[in-house]
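Secondary and tertiary structure notes
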Amino acid sequence: MTVTDGIAESANTPLETRPLGRTGADVSVVGLGTWQLGGDWGDVTEDDAAAVLDAALDAGVTLLDTADVYGDGRSEERIRKALAARGERPFVATKAGRRADLFVAETYTPENLRAWIDRSRRNLGVDTLDLVQLHCPPPAVYSDERVYETLDALVEEQAIAAYGVSVETVAEGLTALQHPGVQSIQVILNVFRRKPLEQLLPAAQRAEVGILARVPLASGLLSGKYSTDTTFAADDHRNFNRNGEAFDVGETFAGVPFEVGVAAAREVAEVAGPDVTTAAFALRWVIDQPGVTTVIPGARNVQQALGNVAAASLPSLTAGQLADLERVYDERIRAHVHDRW
């Protein structure tokens, strides 16, 4: 099946859904990450953002992932406007915490958590947020009982329906799983970033905690469209955060040096073959991993949004393809993976 076939099929076939932890919600296996609709990926106009959201929702996406800091609330506000125009309500997961100092755990006070969450409720135009995820806070926050007590209280008050965490490391995810109120873990997972498969995903399955797989295309590397000559706009994190200057380097190209990733992505494209885009092939790999609830690639235009959804219609990867991808990882990527990931 080609990706073109997959786009046509996905337009007529409901997307597979999976339960998101113990939330009671079933969500599409391909969601939409909306960081790029807020900022840090170059300019995305209001019309382009609305078109991406409409295309994804029309194609069957039922989970949108955002954060209060994406464009200082712009992403959340654009989602509110798009949903108001449609009159429907998919599952919207947002994140809180990056409005604080990234390195100071003490800023995660009950007062700040409430203020951040109230702001997201206003931005999204809802009384109750579907899911709030701690947004990659300092490591100490994942063990702070006061934080979880505040989130539990917000659930009781129906300000949020559920909460989870977004993590940079496997260790952070395993710590969060010790707290029974955690319903989801968002973690970087892709062909170039495999560490969560070893412990985190099996542990989440045992705890009935959902997994949202982010950065599934390694910031576009796994689209297979980049060369070492590719440049990015000044306001694109793939330009200003390559070495972790602004935030964790793992969020940009999954922490893989750009030139290394470009070469490895060419080999992934060869494994995928001529009839499937490298991006859809890489997304299918993530969908196939046991324990994954949904994969949340971003999209800056309608074609990207539809290409992402088409990955759900592709057949699972063969044993030979999986072995070839593991070889690429071992030969090209493993030496560049930081131990903490």
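Residues numbered from 1 in each chain as written. Predicted model: local features only at pLDDT ≥ 70, side-chain atom pairs only at ≥ 80, totals over all residues. Heavy atoms only, no water.

Looking only at helices and strands, one finds 12 helices and 10 strands in the protein chain. Structurally, the protein chain occupies a C-alpha span of about 55 × 45 × 40 Å along its principal axes. Burial statistics for the protein chain: of 341 residues in total, 57% are counted as buried. Of the roughly 13700 Å² of accessible surface on the protein chain, 48% is carried by carbon and sulfur atoms. Of note, the protein chain has its 31 positive side-chain charges centred 1 Å away from the centre of its 49 negative side-chain charges. (Helix = DSSP H or I, 4+ residues; strand = E, 2+ residues; numbered from the N terminus. Buried < 20%, exposed > 50% of the residue type's maximum accessible area, 1.4 Å probe, protein only. Areas by Shrake-Rupley, 256 points an atom, 1.4 Å probe, with all protein chains shown as cover. Lys, Arg positive; Asp, Glu negative; His and termini not counted. Charge placed at Lys NZ, Arg CZ, Asp CG, Glu CD.)

Further remarks concern the sheet that holds strand S5 (residues 91-96). If you walk across this open sheet you meet the eight strands as S3-S4-S5-S6-S7-S8-S9-S10, and the pairing is parallel. Looking at which strands have only one partner, the edges of the open sheet turn out to be strand S3 (32-33) and strand S10 (294-295). Pairing between S5 and strand S6 (residues 131-135): four bridges, direction parallel. Within S6, the position partnered with Thr94 by the bridge is Val132. (Pairing = 2+ DSSP bridges.)

Now for helix H10 (residues 278-287). Burial within H10 is extensive, with 10 of its 10 residues counted as buried. Of all the positions in H10, only Thr278, Ala279, Ala280, Phe281, Ala282, Leu283, Arg284, Trp285, Val286 and Ile287 are classed as buried.

Position of Ala105 relative to the elements: it lies in the loop between S5 and helix H4 (110-124). The exposure class assigned to Ala105 is buried, which follows from its relative accessible area of 15%. When the C-alpha atoms of Ala105 and Ser227 are compared, they prove to be 39 Å apart, with 122 residues separating the residues in sequence. Those residues within four positions of Ala105 in sequence are excluded, and the remaining contacts are Pro138, Ala140 and Val141. (Contact = heavy atoms within 4.5 Å.)

Turning our attention to the packing of aromatic side chains. Under the defined criterion, the tally for this structure stands at 10 aromatic pairs. Relative to Phe253, the ring of Phe232 has its centre 6.0 Å away and its plane inclined at 55°; by these criteria the two rings are tilted. One end of the pair, Phe232, is in the loop between strand S9 (210-214) and helix H8 (237-240); the other, Phe253, is in the loop between H8 and helix H9 (258-272), and 21 residues separate them in sequence. Residue classification places Phe232 among the buried residues on the basis of a relative accessible area of 13%. Taking the relative accessible area as the measure of exposure, Phe253 reaches 1% and is therefore buried. The ring of Tyr329 carries the charged tip of Arg194 above its face, separated from the ring centre by 5.2 Å. (Phe/Tyr/Trp six-rings, centres within 6.5 Å; stacked < 30°, edge-to-face > 60°. Lys NZ or Arg CZ within 6 Å of the ring centre and 35° of its normal.)

Bringing the packing of helix H2 (residues 46-58) against helix H3 (residues 74-86) into the picture now. Axis angle and axis distance: for two packed helices, these are the angle between their axes and the distance between the axes, and together they describe the pair. Contact geometry of H2 with H3 gives a least axis separation of 10 Å together with a crossing angle of 55°. Between H2 and H3, the angle falls in the class oblique. When the axes of H2 and H3 are compared, the crossing they make is right-handed. Taken together, the residues of H3 that come into contact with H2 (itself represented by Glu46, Ala49, Leu53, Asp54, Leu57 and Asp58) are Arg78, Ile79, Lys81, Ala82, Leu83 and Arg86. Looking at the contact of H2 with H3, its residues break down into six nonpolar, no polar and six charged. (Axes fitted to C-alpha atoms, helices over the stretch in contact; angles between N-to-C directions. Parallel < 35°, antiparallel > 145°, perpendicular 65-115°, else oblique. Left-handed = near helix turned anticlockwise from the far one by under 90°. Nonpolar A, V, L, I, M, F, W, Y, C, P; charged D, E, K, R; others polar.)

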